[in-house]
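Read off the chains here:
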Amino acid sequence: MTTTTTTTEEHDERETHVTGATVWLTGLPSAGKTTIANELAGRLRGEGRRAEVLDGDEIREFLSAGLGFSREDRHLNVQRIGFVAELLASNGVTVLVPVIAPYADSREAVRGRHRSEGTPYLEVHVATPVEVCSERDVKGLYAKQAAGEISGLTGVDDPYEAPESPDLRIESHTQTVRESAEALYALLTERGLA
C-alpha cells in the first residue's frame, strides 16, 4: 500500500479559484459590441486569463435555431445565452456577451440568475447612436430595412430599451476600439475581476 503526501503548496495551488464574470454588452446592431468584446478577450487571453466571447449571431445559429424575432423568442434567446454565460463564468471564465438583448426585463432576468448563483455580472451599454450604426451597417441590416426587405430592426422599427443604469456606458463613436476595450478592462479591474 502506497501513501500519497500532498504538500501545503500543492494543496493551496489546487484551492486557488479564479473569479469569472459575465460582461453583457448591449446596444444596437453595428454599435461595436462584438469588436470591443473580441479586443478585450484578446487582451485577457494574452494575460493568461480564460475568456470566451458568446457572439449573438453564432448562438442564434447553434443554440437558438428556430427562434424568430418576436418579443417572446428574443427573451428566450437571451435567457439561453445568459444560462450558458453564467455556467462558464461560475467556472472561472470571463464571458463577454455582445448581444443586443433589446428588452430591459430580459437583461434583468439574466442579472437575477447570476445574482442568485453568486456569479459576477456587469452590464455595459455600447451607446452608439442609430445614425452611426446605420452608417457602419456591418451586416447590411439598415440598408435592407430601408429598402423594405426586412422589418423588425432593433432601434429602427422594433424597440430597444437602453439600460438606465449600466455598470459602464461606452460611446464607441467617440473613441477607438482599443480605448473602448481599455475602459471595460478598467471596470473589470475596479471590480476585482481582472
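Every value quoted in this text rests on a predicted model; they were computed, and no experiment measured them.

**Observations concerning the overall build of the protein**
So, step 1. Tallying secondary structure elements over the protein gives eight helices and five strands in all.
So, step 2. When the helices and strands of the protein are placed in sequence order, the string is α-β-α-β-α-α-β-α-β-α-α-β-α.
So, step 3. When each of the 194 residues of the protein is scored for burial, the buried share is 42%.
So, step 4. For the protein, the proportion of contacts with a sequence separation of at least 24, taken over those separated by at least 6, is 76%.
So, step 5. Carbon and sulfur atoms provide 49% of the accessible area of the protein, an area that totals close to 10400 Å².

**Looking at the packing of helix 4 (residues 71–89) against helix 5 (residues 104–117)**
So, step 1. Helix 5 packs onto helix 4 with a crossing angle of 25° between their chain directions and a minimal axis gap of 9 Å. Here helix 4 lies roughly parallel to helix 5, going by the angle between them. Helix 5 is crossed by helix 4, and the crossing has right-handed handedness. Facing Arg71, His75, Val78, Gln79, Gly82, Phe83, Ala85 and Glu86 of helix 4, the residues of helix 5 in contact are Asp105, Ser106, Ala109, Val110, Arg113, His114 and Glu117.
So, step 2. Residues that form the contact of helix 4 with helix 5 fall into these classes: five nonpolar, five polar and five charged.

**What to know about the nonpolar core**
So, step 1. In this structure, Val23, Leu25, Leu40, Leu96, Val124, Leu184 and Leu188 are the most contacted members of the largest nonpolar core, which totals 28 residues.
So, step 2. For this core, the elements supplying multiple residues, two or more each, are strand 1 (21–26), helix 2 (33–46), strand 2 (51–53), strand 4 (121–126), strand 5 (168–170) and helix 8 (177–190).
So, step 3. Leucine 184 has contacts with Val23, Leu25, Ile36, Leu40, Val124 and Leu168, leaving out every residue within four places of it along the chain.
So, step 4. Within the second largest apolar cluster, 14 residues are counted, among which are Leu54, Ile59, Val93 and Val95.

**Description of the packing of helix 2 against helix 8**
So, step 1. Relative to each other, helix 2 and helix 8 sit at 60°, their axes nearing to 9 Å. It follows that helix 2 is oblique to helix 8 by the angle criterion. Note on packing geometry: the crossing formed by helix 2 with helix 8 is right-handed. Contacts between helix 2 and helix 8 involve Thr35, Ile36, Glu39, Leu40, Arg43 and Leu44 from the first element and Val177, Arg178, Ser180, Ala181, Glu182, Leu184, Tyr185 and Leu188 from the second.
So, step 2. Split by residue class, the contact of helix 2 with helix 8 holds eight nonpolar, two polar and four charged.

Cut-offs applied
- Residues numbered from 1 in each chain as written.
- Predicted model: local features only at pLDDT ≥ 70, side-chain atom pairs only at ≥ 80, totals over all residues.
- Heavy atoms only, no water.
- Helix = DSSP H or I, 4+ residues; strand = E, 2+ residues; numbered from the N terminus.
- Buried < 20%, exposed > 50% of the residue type's maximum accessible area, 1.4 Å probe, protein only.
- Contact = heavy atoms within 4.5 Å.
- Areas by Shrake-Rupley, 256 points an atom, 1.4 Å probe, with all protein chains shown as cover.
- Axes fitted to C-alpha atoms, helices over the stretch in contact; angles between N-to-C directions.
- Parallel < 35°, antiparallel > 145°, perpendicular 65-115°, else oblique.
- Left-handed = near helix turned anticlockwise from the far one by under 90°.
- Nonpolar A, V, L, I, M, F, W, Y, C, P; charged D, E, K, R; others polar.
- Core = buried A, V, L, I, M, F, W, Y, C linked by side-chain atoms within 4.5 Å.

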